[in-house]
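# Structural overview
One letter stands for each residue in the lines below.
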Amino acid sequence: MAKHNLLGKEGERMAVQWLQEKGFVLLHQNWRHSYYEVDIIATMGTRLHFIEVKTRRNKNYGEPEESVDHKKIMNLMKAGGEFQHQYPQWQIVQYNVLSIIIHADNTADYFFIEDVYV
């Protein structure tokens, strides 16, 4: 597996742990429909969260969240719409981005951006 894929998997593992520590309940990881994928689908209270995770080892190419462009948010929203079609019981939804920077000493900085939209 390519290094960037390994980094992405590590970031998603760390994201799940961080979100659970914050009180989120994980429903799905890497949920797919057609061409779309949601990294993490979780709940907190009565709210359903669709979470895009971006991970980097440094800021050489900018902050991780800067790579979540308009197209990526639109795809996240399309996937979220399909999930809601399949599971219509969710009335309150939110789209989020979790940015993670993993440092050389394996510590990490987390930046959680709530309620993103285009």
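Refer to the structure presented above.
Residues numbered from 1 in each chain as written. Predicted model: local features only at pLDDT ≥ 70, side-chain atom pairs only at ≥ 80, totals over all residues. Heavy atoms only, no water.

## Description of the overall build of the chain
Condition: Secondary structure elements are defined from DSSP: runs of H or I of at least 4 residues count as helices, runs of E of at least 2 residues count as strands, and each element is numbered from the N terminus. Put simply, the radius of gyration uses C-alpha atoms, and a globule should come to 2.2 Å times the residue count raised to 0.38. Partly exposed describes any residue whose relative accessible area lies between the buried limit of under 20% and the exposed limit of over 50%, with all areas from a 1.4 Å probe on protein chains only and scaled to the type maximum. Residue contacts are counted whenever heavy atoms from the two residues lie within 4.5 Å of one another. Values of accessible area rely on a 1.4 Å probe in the Shrake-Rupley scheme; residue burial ignores everything except the protein chains shown. Positive charge is attributed to Lys and Arg, negative charge to Asp and Glu, and no charge count is given to His or to the chain ends. The atoms used to mark charge sites are NZ of Lys, CZ of Arg, CG of Asp and CD of Glu.
Across its full length, the chain carries 2 helices and 5 strands. Ordered by position from N to C terminus, the α and β elements of the chain give α-β-β-β-α-β-β. For a compact globule of 118 residues, the expected C-alpha radius of gyration is about 13 Å, and the chain comes in at 14 Å, within 12% of that figure. Its C-alpha atoms give the chain principal-axis dimensions of roughly 45 × 30 × 25 Å. Relative to its full complement of 118 residues, the chain shows a buried share of 38%. Residue pairs in contact within the chain that sit at least 24 positions apart in sequence constitute 50% of those at least 6 positions apart. Working note: accessible area of the chain is about 7,200 Å², and carbon and sulfur atoms make up 50% of it. Once the 13 positive and 15 negative side-chain charges of the chain are each reduced to a mean point, those two points are 5 Å apart.

## Thoughts on unusual backbone geometry
Despite not being glycine, asparagine 106 has its phi angle at roughly 70 degrees, a positive value. Its place among the elements puts asparagine 106 in the loop between strand S4 (92-102) and strand S5 (108-113). What makes asparagine 106 exposed here is its relative accessible area of 61%. Phi at aspartate 115 is positive, roughly 60 degrees, even though this residue is not glycine.

## So, the environment of glutamine 20
Mapped onto the fold, glutamine 20 is located in helix H1 (residues 3-21). Judged by relative accessible area, glutamine 20 falls into the partly exposed class, the value being 46%. Distance from glutamine 20 to methionine 44, taken between C-alpha atoms, is 9.7 Å for residues 24 residues apart in sequence.

## A word on the packing of aromatic side chains
In plain terms, the rule: To pair, rings of Phe, Tyr and Trp, with the six-membered ring standing in for Trp, must have centres within 6.5 Å; the planes then decide the type, stacked if under 30 degrees apart, edge-to-face if over 60, and tilted in the middle.
Evaluation of the coordinates by the stated rule reveals 7 aromatic pairs. Between phenylalanine 50 and phenylalanine 83, the ring centres sit 5.7 Å apart and the planes meet at 80 degrees, which makes this aromatic pair edge-to-face. Of this pair, phenylalanine 50 sits in strand S3 (residues 47-56) while phenylalanine 83 sits in helix H2 (residues 70-86), and the two are 33 residues apart along the sequence. Pair check on accessibility: phenylalanine 50 and phenylalanine 83 agree, each one buried. The structure contains a cluster of three or more aromatic residues connected by ring pairs, namely Trp31, Phe50, Phe83, Tyr87 and Tyr95.

## Comments concerning the side chain of aspartate 39
Convention followed: What makes a salt bridge here is a side-chain nitrogen of Lys or Arg within 4 Å of a carboxyl oxygen of Asp or Glu, nothing more. Here a polar contact is recorded for every N or O atom pair within 3.5 Å, except that within protein the pair must consist of a potential hydrogen donor and a potential acceptor, and residues adjacent in sequence are included only if both atoms are side-chain atoms.
Among the structural elements, aspartate 39 can be located in strand S2 (residues 36-44). Lysine 72 is the oppositely charged side chain nearest to the buried, salt-bridge-free aspartate 39, at an N-O distance of 5.7 Å. Among the polar contacts made by the side chain of aspartate 39, one reaches the main-chain amide nitrogen of valine 53 at a distance of 2.8 Å.

## Some words on the pairing of S5
Inclusion rule: If DSSP finds at least two bridges between two strands, the strands pair.
Where S4 and S5 come together, 6 bridges link them in antiparallel fashion. Residue pairing across strands places leucine 98 opposite phenylalanine 112, the latter belonging to S5.

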